[in-house]
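Here are the chains, one letter per residue:
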Amino acid sequence: MNLMRIAVLGASGRTGGALVDEALERGHEVVALVRTPAKVTVPASRQVEVRKADVTDPRSFPDLTDVDVTVSAIGIGKGDGPGALVAGARVLAAANVRATIWLGALGSGVSSRSGGLIYAGVMRMFVGSELAEKVEADRIALDAGATVFHAPDVTDGPLSPTRHIVPLADLRRPLLPPRISRATLASLLLDEAETGRHGTGIVVPLS
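Right, let's walk through the structure included here. (Residues numbered from 1 in each chain as written. Predicted model: local features only at pLDDT ≥ 70, side-chain atom pairs only at ≥ 80, totals over all residues. Heavy atoms only, no water.)

Side note on the overall build of the protein chain
When helices and strands are counted, the protein chain shows 5 helices and 10 strands. What you see for the protein chain is a C-alpha radius of gyration of 16 Å, in line with the 17 Å of a compact globule of 207 residues. For the protein chain, the C-alpha atoms occupy an extent of roughly 45 × 35 × 30 Å along the three principal directions. Across the 207 residues of the protein chain, 49% fall into the buried class. Long-range pairs, those at least 24 residues apart, make up 74% of the contacts in the protein chain with a sequence separation of at least 6. Total accessible area computed for the protein chain in this model is approximately 10,400 Å², and 52% of it derives from carbon and sulfur atoms. Taken together, the 22 basic and 22 acidic charged side chains of the protein chain have centroids lying 6 Å from each other. (Helix = DSSP H or I, 4+ residues; strand = E, 2+ residues; numbered from the N terminus. Rg over C-alpha atoms; globule rule 2.2 N^0.38 Å. Buried < 20%, exposed > 50% of the residue type's maximum accessible area, 1.4 Å probe, protein only. Contact = heavy atoms within 4.5 Å. Areas by Shrake-Rupley, 256 points an atom, 1.4 Å probe, with all protein chains shown as cover. Lys, Arg positive; Asp, Glu negative; His and termini not counted. Charge placed at Lys NZ, Arg CZ, Asp CG, Glu CD.)

Right under this line is the structure:
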């Protein structure tokens, strides 16, 4: 495995924090891209470069030409107005980075039925107002050449020993709503960042 310089967008969130920890464990250099740098806390013994990065202000967004790959873990958080997710996709599309891994959601856009009927109903109920923005952000990321992960419901839990990634077209529709632990998702996102095996397209991380 070649060690890389990996930028994590949304590094102060729970999934972003898991990505930072896993990347450091693998020996990579990490650039944490966050709106509020004070929210990034790592032990002094672990070197993380923190850059202030507000996706809603693209003119002040930091240069990423020194980064090998960017992994996005941003979502639509409490207090975020509409457009934050699309803005994030746009700034990464405009950045001159060799590869981008974009975190989307199973049950949105082309995968709206891929999680099963129960899962589709849950997505409409709890994420309905955000689905259109997720679809638009995915489109921007894909047009820029990103690998887009349509992750199922993310939970706490251990790293799955049977974790794997499948192209959306090869996903078998499950009977029960699928889930994935945050640790497993972070590991699979970094696997793709390291290998670039799936290239541009939509993939699904599974436990």
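Notes on the sheet that holds strand β4 (residues 69-72)
Taking strand neighbours across the sheet as the criterion, the 8 strands line up as β3-β2-β1-β4-β5-β6-β10-β8 in an open arrangement whose pairing is mixed. Each edge of the sheet is formed by a strand with only one pairing partner; in this case those strands are β3 (48-52) and β8 (164-167). In this sheet, neighbouring strand axes are inclined to one another by 25° on average, regardless of whether the strands run parallel or antiparallel. The pairing of strand β6 (residues 147-151) with strand β10 (residues 201-206) spans 3 bridges and is classified as parallel. Looking at β10, one finds that Phe149 is bridged to Val203. Taken strand by strand, helix α2 (residues 84-94) contacts β1 (5-9), β4 and β5 (99-105), and its axis lies near 165° from that of β5. Strand contacts of helix α4 (residues 131-143): β5, β6 and β10, with the helix running at about 160° to β5, the strand carrying the most contacts. (Pairing = 2+ DSSP bridges. Axes fitted to C-alpha atoms, helices over the stretch in contact; angles between N-to-C directions.)

Looking at the pairing of β1
Within β1, 5 of the 5 residues are buried, which leaves the element mostly enclosed by the surrounding structure. Taking every second residue as pointing to the same face, both faces of β1 are buried, with Arg5, Ala7 and Leu9 on one and Ile6 and Val8 on the other. The pairing of β1 with strand β2 (residues 29-34) spans 5 bridges and is parallel. Bridging from a neighbouring strand, Val8 pairs with Ala32 of β2. In this view, the connection linking β1 to its parallel neighbour β2 by way of helix α1 (residues 14-25) has right-handed handedness. (Right-handed = clockwise from strand over helix to strand, strands pointing away.)

Observations regarding α4
The end-to-end C-alpha distance of α4 is 18 Å, a good match for the 18 Å that 13 residues give at a rise of 1.5 Å each. All of the buried residues in α4 are Leu131, Glu133, Lys134, Ala137, Asp138, Ile140 and Ala141. (Expected span 1.5 Å × (residues − 1).)

A word on the environment of Thr184
Looking at the element boundaries, Thr184 is found in helix α5 (residues 182-195). Note on Thr184: relative accessible area 0%, which makes it buried. Considering only alpha carbons, one finds Thr184 and Leu206, 22 residues apart in sequence, at a separation of 8.2 Å. What Thr184 contacts, discounting residues up to four positions off in sequence, is Pro158, Leu159, Ser160, Arg163, Leu206 and Ser207. Side-chain polar atoms of Thr184 contact the backbone nitrogen of Ser160, separated by 2.9 Å. There is a polar contact of 2.6 Å between the side chain of Thr184 and the side chain of Ser181. (Polar contact = N/O pair within 3.5 Å; in protein donor to acceptor, adjacent residues only side chain to side chain.)

Re a nonpolar patch on the surface
Side chains of Ile118, Val122, Met125 and Phe126 sit close together on the surface and give an oily, nonpolar patch of about 450 Å² of accessible area. Tracing the chain through its elements places Ile118 in helix α3 (residues 117-127). By relative accessible area, which is 48% here, Ile118 ends up partly exposed. (Patch = residues over 30% accessible without salt bridge, like charges linked within 9 Å, V, L, I, M, F, W, Y side chains within 5 Å. Salt bridge = Lys/Arg side-chain N within 4 Å of Asp/Glu carboxyl O.)

The quantities given are spatial measurements derived from coordinates; they are silent on function.
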